[in-house]
Amino acid sequence: MSLRLSDFLEYNNIVIQCHDNPDADALASGFALHWFFEKRGKKSRFVYGGQNEVRKCNLVLMKDVLNIPAEYVTKLEKPDIIIYVDCQKGESNVTDFEADTYAVIDHHQVLNALPSLAEVRSGYGSCSTLLSELIAEEGFDINESEKLATALYYGLMTDTTGFTELQHPADKDLRDKANYNRADIVLFKNSNISREELRIAGDALKHASYDENATYAIVEAEPCDPNILGIISDMVLEVDTIQTCVVYSILPMGIKLSVRSCVKEVKASELAAFLAEGYGGGGGHLVKAGGFMQKDLLSKSSLEYERKSIKQFMMSRMNEYFENTEIIYAGNEAVDTSEYKVYVKKDVVFGYVVATELAEKGSKVTIRTLEGDVDITIEDDTYIVIGIEGEIYPVKKEKFDRNYRMSDEIYEYPGDYSPAVINLANGERIEILSYARSCVSLGGVKIFAKPVDHRLKIFTTWDREKYYLGIPGDYQAVRMDDPTDTYIIARNIFYKTYEECSK
């Protein structure tokens, strides 16, 4: 990472600031940074501004039970540095205080120019995740403090709507490693819904909009906790004619989304990412996901930030998604390749791991990667291949020997997130790269391929339950020996692994 928390130790008068009306993730992130400074013998002050102090029951309990020293201020004496956590300077929901130096630690989309001291991981589901990694990089363990571990766990949980919107493997790592106080989490969760929020849910359900042809629903809810949106979307999906739905709430800082799907043709995570694309981010699981669209990014477009315009915008985005997406079930019909070109596979360096070096035969493990968690049972012939972009996939030795040859070259991993195997029997986490060796793909294999010019979902012959998404710029490939076998190759991977050739 470009920023280290130790970079701040040269400053004396340190202020940590989160956004106005802080949520659990903001409180946890500021608490984590304050805890780090205490461990290094530095004093700091954790503050937030806005029109009101924290009043929501679960957040008041969180502050009191975990001793989070977040102060509500309307004025601030000029410090040496303000470190913004879970927000960025200049955002509409961040009170502007003066300081000699500014820094940012955040997980949202970048809005304006960042200061030189900044670490933004927009792919993370919470700022709590980023703080836990920065603390670990300094040689400290969040589990040294049960209160800190509980705060970070709860911050991640609430920002991902009960872990249904986990976007990054680092989020899953925090969820799994935090030794939190279960009683405290239960207390916070059971203080999360008020009678007023029950009214909000009821009103939202009464005014839902339905599209009979596409079998989806769009629901606006009054400003409320993200968990309430999840409750509403779960209820909407119970309707017999509804297969997908999006529930949204217009907040002072942006639009919070909750997305659900009960059909394999729509991944909730993919729909959430589509809706928020260009305005924020979205992600989650196959059936449950969520996202956030930042007000400042929406305002830079022609969209007026008011209810009527936003509702029309959401309906337009949903219509675009369903009307401009093609679905192919590979293996059913031959693909007409008359307009396709022929490409041949190059000799490319990959990585591989013999799975029995990670765990004993018969062990059930989870392979944690950027692409998601993959559960497998390790056998004598299980190999784990590491692709040119750091993607991970298990193969049998027979297929490995047919497609790759081993190499004496030292393996260099191309990705950012270090993949790991988690033994489901004992929870042991094993870093894959410590065991990785180099191999070279055997070139010469020819395929038909052409660029994708629209959104394309393909259910492949090797996975009938989950589609692979192609977007403009990616390639649709077809095997030369089986014209019904078609699949998607991402643009960046295609150019690195194939080259055009004559038929």
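These figures come from a predicted structure and were not determined experimentally. (Residues numbered from 1 in each chain as written. Predicted model: local features only at pLDDT ≥ 70, side-chain atom pairs only at ≥ 80, totals over all residues. Heavy atoms only, no water.)

Caption draft 1: Up close: the overall build of the chain. Tallying secondary structure elements over the chain gives 13 helices and 29 strands in all. Here the chain has a C-alpha radius of gyration of 24 Å; the compact-globule value for 503 residues is 23 Å, and the two agree. If one aligns the C-alpha atoms of the chain with their principal axes, the spans along those axes are about 70 × 55 × 40 Å. The long-range fraction of contacts in the chain, counting pairs at least 24 apart against all pairs at least 6 apart in sequence, stands at 65%. Summed over all atoms, the accessible surface of the chain reaches about 23000 Å², with 47% contributed by carbon and sulfur. For the chain, the distance from the average site of its 56 positive side-chain charges to the average site of its 81 negative ones is 1 Å. (Helix = DSSP H or I, 4+ residues; strand = E, 2+ residues; numbered from the N terminus. Rg over C-alpha atoms; globule rule 2.2 N^0.38 Å. Contact = heavy atoms within 4.5 Å. Areas by Shrake-Rupley, 256 points an atom, 1.4 Å probe, with all protein chains shown as cover. Lys, Arg positive; Asp, Glu negative; His and termini not counted. Charge placed at Lys NZ, Arg CZ, Asp CG, Glu CD.)

Caption draft 2: The pairing of strand β18 (residues 382-386), seen in detail. The buried count for β18 comes to 5 of 5 residues, which makes it a mostly enclosed element. Of the two faces of β18, the one holding T382, I384 and I386 and the one holding Y383 and V385 are both buried throughout. Across 4 bridges, the pairing between strand β15 (residues 349-354) and β18 is antiparallel. Residue pairing across strands places V354 opposite Y383, the latter belonging to β18. Counting the residues between successive antiparallel strands, the hairpin from β18 to strand β19 (residues 392-396) contains 5 residues, one of them, G390, with a positive phi of roughly 90 degrees. (Buried < 20%, exposed > 50% of the residue type's maximum accessible area, 1.4 Å probe, protein only. Pairing = 2+ DSSP bridges.)

Caption draft 3: Just the packing of aromatic side chains, in detail. Counted under the stated rule, the structure contains 26 aromatic pairs. Ring geometry for F8 and F37: centres 6.4 Å apart, planes at 70 degrees, overall edge-to-face. Linking F8 in the segment before β1 (14-17) with F37 in helix α1 (residues 24-39), this pair joins segments that are 29 residues apart in sequence. Here the aromatic cluster, defined as three or more aromatic residues joined through ring pairs, consists of F8, W35, F36, F37 and F140. Geometry around Y467 places K267 over its ring, the cationic atom sitting 4.6 Å from the centre. When the ring centre of F274 is taken as reference, the NZ or CZ atom of R317 above it lies at 4.9 Å. (Phe/Tyr/Trp six-rings, centres within 6.5 Å; stacked < 30°, edge-to-face > 60°. Lys NZ or Arg CZ within 6 Å of the ring centre and 35° of its normal.)

Caption draft 4: Summary view of the sheet that holds strand β5 (residues 101-106). Judged by pairing direction, the sheet is parallel, and its 6 strands sit side by side in the order β3-β2-β1-β4-β5-β6 without closing on themselves. The sheet is open, and its two edges are formed by β3 (70-72) and β6 (117-120), each paired on a single side. For this sheet the average axis-to-axis angle between neighbouring strands, irrespective of direction, equals 25 degrees. Across 3 bridges, strand β2 (residues 44-48) lies against β3 in parallel orientation. Looking across to β3, one finds that F46 is bridged to A70. (Axes fitted to C-alpha atoms, helices over the stretch in contact; angles between N-to-C directions.)

Caption draft 5: How the structure looks around unusual backbone geometry. The backbone phi angle of N67 is positive, close to 55 degrees, even though this residue is not glycine. Tracing the sequence through the fold places N67 in the loop between α2 (57-66) and β3. A positive phi angle is found at D86, which is not glycine, with a value near 60 degrees. Position of D86 among the secondary structure elements: in the loop between β4 (81-85) and β5.

Caption draft 6: Spatial organisation of the packing of helix α7 (residues 195-206) against helix α8 (residues 226-236). Contact geometry of α7 with α8 gives a least axis separation of 10 Å together with a crossing angle of 40 degrees. Here α8 runs oblique to α7, going by the angle between their axes. Judged by the sense of rotation from one axis to the other, the crossing of α7 with α8 is right-handed. Where α7 approaches α8, its residues E197, A201, A204 and L205 are matched on the opposing element by I228, I232, M235 and V236. Its residues placed into classes, the contact of α7 with α8 shows 7 nonpolar, no polar and 1 charged. (Parallel < 35°, antiparallel > 145°, perpendicular 65-115°, else oblique. Left-handed = near helix turned anticlockwise from the far one by under 90°. Nonpolar A, V, L, I, M, F, W, Y, C, P; charged D, E, K, R; others polar.)

Caption draft 7: Geometry of the nonpolar core. Counting 57 residues, the largest nonpolar core has F8, L33, F37, M62, I68, I83 and I105 as the members making the most contacts within it. Counting residues per element, this core draws most heavily on α1, which supplies 10 residues. Once residues within four sequence positions are removed from consideration, I83 is found in contact with F8, I14, V15, I16, Q17, L33, F37, A103 and I105. In this structure, A272, F274, M318 and Y467 belong to the second largest nonpolar core, which totals 27 residues. (Core = buried A, V, L, I, M, F, W, Y, C linked by side-chain atoms within 4.5 Å.)

Caption draft 8: Representation of the pattern of salt bridges in the model. Enumeration over the complete set of coordinates arrives at 31 salt bridges. In this structure, the salt-bridge partner of K56 is E197, at a minimum N-O distance of 3.6 Å. Placement of the pair is K56 in the loop between β2 and α2 and E197 in helix α7, with a sequence separation of 141 residues. When its relative accessible area of 8% is taken as the criterion, E197 is described as buried. In this structure, D481 engages R479 in a salt bridge whose closest nitrogen and oxygen atoms are separated by 2.7 Å. In this structure D481 comes out as exposed when scored by relative accessible area, which is 58%. (Salt bridge = Lys/Arg side-chain N within 4 Å of Asp/Glu carboxyl O.)

Caption draft 9: Molecular detail of the sheet that holds β18. What the 5 strands build is an open sheet, ordered β19-β18-β15-β23-β20; its pairing is antiparallel. Strands at the two margins of the open sheet, each flanked by one partner only, are β19 and β20 (404-406). Direction aside, neighbouring strands of the sheet carry axes that sit 40 degrees apart on average. Of the strand pairs in this sheet, β18 and β19 are connected by 5 bridges, and their pairing is antiparallel. From the neighbouring strand, V385 faces β19, where its bridge partner is Y393.

Caption draft 10: Quick peek at the pairing of β5. Within β5, 5 of the 6 residues are buried, leaving the element largely enclosed by the surrounding structure. Relative to β5, β4 is paired through 5 bridges, and the arrangement is parallel. What sits directly across from V85, in β5, is I105. With 4 bridges connecting them, β5 and β6 associate as parallel partners. Residue pairing in the sheet places V104 in a bridge with A118 of β6.

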